[in-house]
Amino acid sequence: MTERAVGRRVFLGMLGLGAAGVLTGARIQNAMSKVLGQLTAHDPTGLSTYIPAAGRFRIYSVTNSLPHRSDAEYQLTVGGMVERPMQLSFADLKALPATHLVKDFQCVTGWRVAGVKWTGVLLSDVLDHVGVKPGGKALLFKSFDGQYTESLTMTQARRPDVIVAYAMDGDTVSQMHGGPVRMYIAPMYGYKSTKWLASIEVVNDVIPGYWEVRGYDVDAWIGHSNGRSDQPV
Ligand SMILES: Nc1nc2c(c(=O)[nH]1)N[C@H]1C(S)=C(S)[C@@H](COP(=O)(O)O)O[C@H]1N2
Ligand SMILES: [Mo]
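Thresholds, definitions, all that
- Residues numbered from 1 in each chain as written.
- Chains lettered and ligands numbered in written order.
- Predicted model: local features only at pLDDT ≥ 70, side-chain atom pairs only at ≥ 80, totals over all residues.
- Heavy atoms only, no water.
- Helix = DSSP H or I, 4+ residues; strand = E, 2+ residues; numbered from the N terminus.
- Buried < 20%, exposed > 50% of the residue type's maximum accessible area, 1.4 Å probe, protein only.
- Contact = heavy atoms within 4.5 Å.
- Core = buried A, V, L, I, M, F, W, Y, C linked by side-chain atoms within 4.5 Å.
- Domains from an automatic or database assignment.
- Near = heavy atom within 4 Å.
- Polar contact = N/O pair within 3.5 Å; in protein donor to acceptor, adjacent residues only side chain to side chain.
- Areas by Shrake-Rupley, 256 points an atom, 1.4 Å probe, with all protein chains shown as cover.
- 1 Å grid on protein atoms, 1.4 Å probe; cavity = no way out; pocket = protein on both sides within 12 Å on 5 of 7 lines; lining within 4 Å.
- Sits in = over half its atoms within 2 Å of the grid points.
- Arc of directions from axis to C-beta.
- Phe/Tyr/Trp six-rings, centres within 6.5 Å; stacked < 30°, edge-to-face > 60°.
- Lys NZ or Arg CZ within 6 Å of the ring centre and 35° of its normal.
- Pairing = 2+ DSSP bridges.
- Axes fitted to C-alpha atoms, helices over the stretch in contact; angles between N-to-C directions.

Some points on the side chain of serine 225
Then, in step 1: Along the chain, serine 225 turns up in the segment after β10 (197-203).
Then, in step 2: The exposure class of serine 225 is buried, given its relative accessible area of 5%.
Then, in step 3: Not counting residues up to four positions away in its chain, the partners in contact with serine 225 are Tyr189, Asp217, Asp219 and Ala220.

Notes on the nonpolar core
Soluble globular proteins tend to pack their nonpolar side chains together in the buried interior.
Then, in step 1: With 60 residues, the main nonpolar core has Leu76, Leu93, Trp118, Leu123, Val164 and Leu197 as its most contacted residues.
Then, in step 2: The biggest single contributor to this core is strand β7 (residues 162-168), with 7 residues.
Then, in step 3: Two domains each donate at least three residues to this core, and these are domain 1 (3-60) and domain 2 (75-214).

Concerning the site of ligand 1
Then, in step 1: In the region of ligand 1, 20 residues are neighbours, and Arg58, His177, Arg182, Ser193 and Lys195 sit closest.
Then, in step 2: The contact in question runs from a nitrogen atom of ligand 1 to an N or O atom on the side chain of serine 143, over 3.4 Å.
Then, in step 3: Within the complex, the protein chains bury 99% of what would otherwise be the 530 Å² of accessible surface of ligand 1.
Then, in step 4: Taking a 2 Å distance to the grid points as the criterion, the majority of the atoms of ligand 1 fall inside the largest cavity.
Then, in step 5: Here the shell around ligand 1 spans two domains, since at least three of its residues come from each of domain 1 (3-60) and domain 2 (75-214).

A look at the environment of glycine 110
Then, in step 1: Its location among the elements puts glycine 110 in the loop between β3 (99-106) and β4 (112-122).
Then, in step 2: For glycine 110, a relative accessible area of 33% corresponds to the partly exposed category.
Then, in step 3: For the pair glycine 110 and arginine 228, spaced 118 residues apart in sequence, the C-alpha separation works out to 8.9 Å.

What about helix α4 (residues 123-130)?
Then, in step 1: Those residues of α4 lying buried are Leu123, Ser124, Val126, Leu127 and Val130. Down the axis of α4, the buried side of the element spans an arc of 155°, and every buried residue falls inside it.
Then, in step 2: One or two positions beyond α4, positive phi appears at glycine 131, with a value near 75°.

Notes on the packing of aromatic side chains
Each aromatic ring pair is specified by the distance between its two centres and by the angle formed by the two planes.
Then, in step 1: Inspection of the entire model under this criterion finds 13 aromatic pairs.
Then, in step 2: When the ring of tryptophan 118 is compared with that of tyrosine 184, the centres are 4.1 Å apart and the planes differ by 10°; the resulting orientation is stacked. Of the two residues, tryptophan 118 sits in strand β4 while tyrosine 184 sits in strand β9 (residues 182-185), which places them 66 residues apart along the sequence. Judged on exposure class, the residue tryptophan 118 and its partner tyrosine 184 are both buried.
Then, in step 3: In this structure an aromatic cluster arises from ring pairing among Phe57, Tyr60, Phe105, Trp111, Trp118 and Tyr184.
Then, in step 4: Between the NZ or CZ atom of arginine 69 and the centre of the ring of phenylalanine 144, over which it lies, the distance is 4.3 Å.
Then, in step 5: The lysine or arginine in question, arginine 214, covers the ring of tyrosine 210, its NZ or CZ lying 3.7 Å from the ring centre.

What to know about the environment of glycine 209
Then, in step 1: Among the structural elements, glycine 209 can be located in the segment after β10.
Then, in step 2: With relative accessibility at 2%, the residue glycine 209 sits in the buried group.
Then, in step 3: Apart from the residues lying within four places of it in its own chain, the contact partners of glycine 209 are Thr149, Glu150 and Ser151.

Comments concerning the environment of threonine 153
Then, in step 1: When you line up the elements, threonine 153 lands in strand β6 (residues 149-153).
Then, in step 2: Under the relative-accessibility criterion, threonine 153 is labelled partly exposed at 24%.
Then, in step 3: Non-local contacts of threonine 153, meaning those with residues more than four positions away in its chain, are made with Lys137, Ala138, Leu139 and Val206.

Quick word on the sheet that holds strand β5 (residues 138-143)
Then, in step 1: Here we have 5 strands laid out as an open sheet, ordered β2-β1-β10-β5-β6, and mixed in their pairing. Two strands close off the open sheet at either side, each with one partner strand: β2 (86-89) and β6. Across this sheet, the average inter-strand angle for adjacent strands is 20°, counted without regard to direction.
Then, in step 2: Of the pairings in the sheet, the one linking β5 to β10 comprises 6 bridges and is antiparallel in character. When the bridges of β10 are listed, leucine 140 appears paired with glutamate 201.

These values are about where atoms sit, not about what they do.
Now the structure itself:
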């Protein structure tokens, strides 16, 4: 495949973004060169992941860019209404018990990727690690893209299919997919799963996230929200 053909296909993939973040102008060039740089540097043969097709991920970023943190510099800040506020490095997260899930990923715009392998730390294990104070009833997630936020109730957060993910399909979570660390909230539409996760704050009430103040349901159960009837995950 020629370099030109690769670029075209990646470009077409990005056009599949829909309302959730079309890359434009100079920013396309910037994001494209990063994507292509990443492909050639780390994944010269794995191109099919990025080619738009049924059953494939689309890459979304509301900031029109792909923020970067290396594994070595990564820190997850966990604070708010907790006994022991802390910063967890990539190594700290990997030292906590690992949870493996094999589950679909479903976006509210309709695309679904079947049987994705996810590895990470149960969010409930992270919460136990820091100790939730009485009155801590919800969570606020923030991205190091500086814009994206999300929310969960404490009950939702403690489900066994909600993880702080550091690996995906047998590799680290790529920059495009929100690495080094992103959320994966299996039973809810993809917008609940914050990419480029910077912080988790325990709060006393749900604070609607980026897409939720723009009209999507706060409780984003797959098949039971947003007027859709997809098969639950
Ligand atoms: N920081 C951040 N997280 C995000 C988004 C985003 O634009 N920025 N998009 C959300 C949406 S709508 C979906 S469907 C998934 C897409 O994940 P992917 O880009 O790895 O396919 O990420 C979610 N998390
Ligand atoms: Mo989405």
